[in-house]
Every structure is written in C-alpha cells, then in structure tokens.
Amino acid sequence: MVDIIKPNSKPFSIVAVYRLPATEDNFFCYLESVVKALNFENKEIIIIGDLNCNYLSETRNSEPRQLIEVSEDYQLSQIKAQPTLIDLIFTNQKSRVVTQGVVTLKYIYI
C-alpha cells in the first residue's frame, strides 16, 4: 500500500493486491479490513491487482460474491474498460478517473 498526499489535494491510497490461485483463506475478509480502515480515514482508495477471482462470473460462487459485497459495501467501482477475469482495478472515486483502458505489451525474449 502506498499513501499519496499532494498539496491542496485529498490524500489517497493505492493498494496493490495479489491473491494466490485457489486460495481458500480469509483473503476477502483481510481486504475488507484494509478498505474499512482507509474508508474510516476518509481517503480516496485505488485497489489494483490480480485477485484470482472471476469478477465476471455468472455463477457467483463464494469468491465473486465476497468481492462484490466488499465493493458494494464501500462504494468501490470496478473501472477497467475491458476487465479481465481476475485483474481488476477498484476505486471509491470513479468520477476522478480521467482515462481507462487495457495496454497490451509484447515481450522480447533474449
């Protein structure tokens, strides 16, 4: 997590997240506790990362449901223009997002 404070601006926190595939722990409870603490401090929140949770799943098993509940409880919007299944970006200040999109990178192997 990184806290950013700019002059004449509201502070915000960037939370980078990686969740191991098929994790059967309390990950989303921990994520909610972080979001709750930042929300209590009245900070703008940006959460980015690989959550290994199919947010677009139509079956809504336990993991997507938990993530959706956290996002709804704290008014977090998913902002990627073309979300992948597991790499997501959330914010509680969607109106401050100026641009969004997906960048495709090509790797060069030596």
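Refer to the structure printed above.
The structure presented is a predicted model; accordingly, all values stated were derived computationally and were not measured.

Caption draft 1: Structural view of helix H2 (residues 62–73). Under the 1.5 Å per step criterion, the end-to-end length of H2 is 16 Å for twelve residues, consistent within 8% with the ideal 16 Å. Along H2, the residues that are buried comprise Pro64, Leu67, Ile68, Val70 and Ser71. Considered in projection along H2, the buried side chains sweep an arc of 160° and stay on one side of the axis. In the core, the buried residues of H2 are packed alongside helix H1 (27–40) and strand E5 (87–91). Of the residues flanking the end of H2, it is glutamine 75, one or two places downstream, whose phi is positive at about 50°.

Caption draft 2: Examining the side chain of asparagine 92 more closely. Mapped onto the fold, asparagine 92 is located in the segment after E5. A polar contact of 3.1 Å, which involves the side chain of asparagine 92, links it to the backbone oxygen of lysine 43. A polar atom in the side chain of asparagine 92 sits 2.7 Å from the backbone nitrogen of isoleucine 45. Contacts of asparagine 92, omitting those with residues within four sequence positions, involve Lys43, Glu44, Ile45, Tyr74, Gln75 and Leu76.

Caption draft 3: Layout of the pattern of salt bridges. Inspection of the entire model under this criterion finds three salt bridges. A salt bridge links lysine 43 to aspartate 3, with the nearest nitrogen and oxygen atoms 3.3 Å apart. Of this pair, lysine 43 sits in the loop between H1 and strand E3 (44–50) while aspartate 3 sits in strand E1 (residues 2–4), and the two are 40 residues apart along the sequence. A relative accessible area of 13% means that lysine 43 is categorised as buried. What makes aspartate 3 partly exposed here is its relative accessible area of 42%. Salt-bridge contacts for glutamate 44 lead to arginine 96; the nearest nitrogen and oxygen are separated by 2.7 Å. Remark: arginine 96 occurs in the segment after E5 and glutamate 44 occurs in strand E3; sequence separation between them is 52 residues. Note on glutamate 44: relative accessible area 6%, which makes it buried. Overlapping salt bridges bring together Asp3, Glu41 and Lys43 as one network.

Rules and cut-offs
Residues numbered from 1 in each chain as written. Predicted model: local features only at pLDDT ≥ 70, side-chain atom pairs only at ≥ 80, totals over all residues. Heavy atoms only, no water. Helix = DSSP H or I, 4+ residues; strand = E, 2+ residues; numbered from the N terminus. Expected span 1.5 Å × (residues − 1). Buried < 20%, exposed > 50% of the residue type's maximum accessible area, 1.4 Å probe, protein only. Arc of directions from axis to C-beta. Contact = heavy atoms within 4.5 Å. Polar contact = N/O pair within 3.5 Å; in protein donor to acceptor, adjacent residues only side chain to side chain. Salt bridge = Lys/Arg side-chain N within 4 Å of Asp/Glu carboxyl O.

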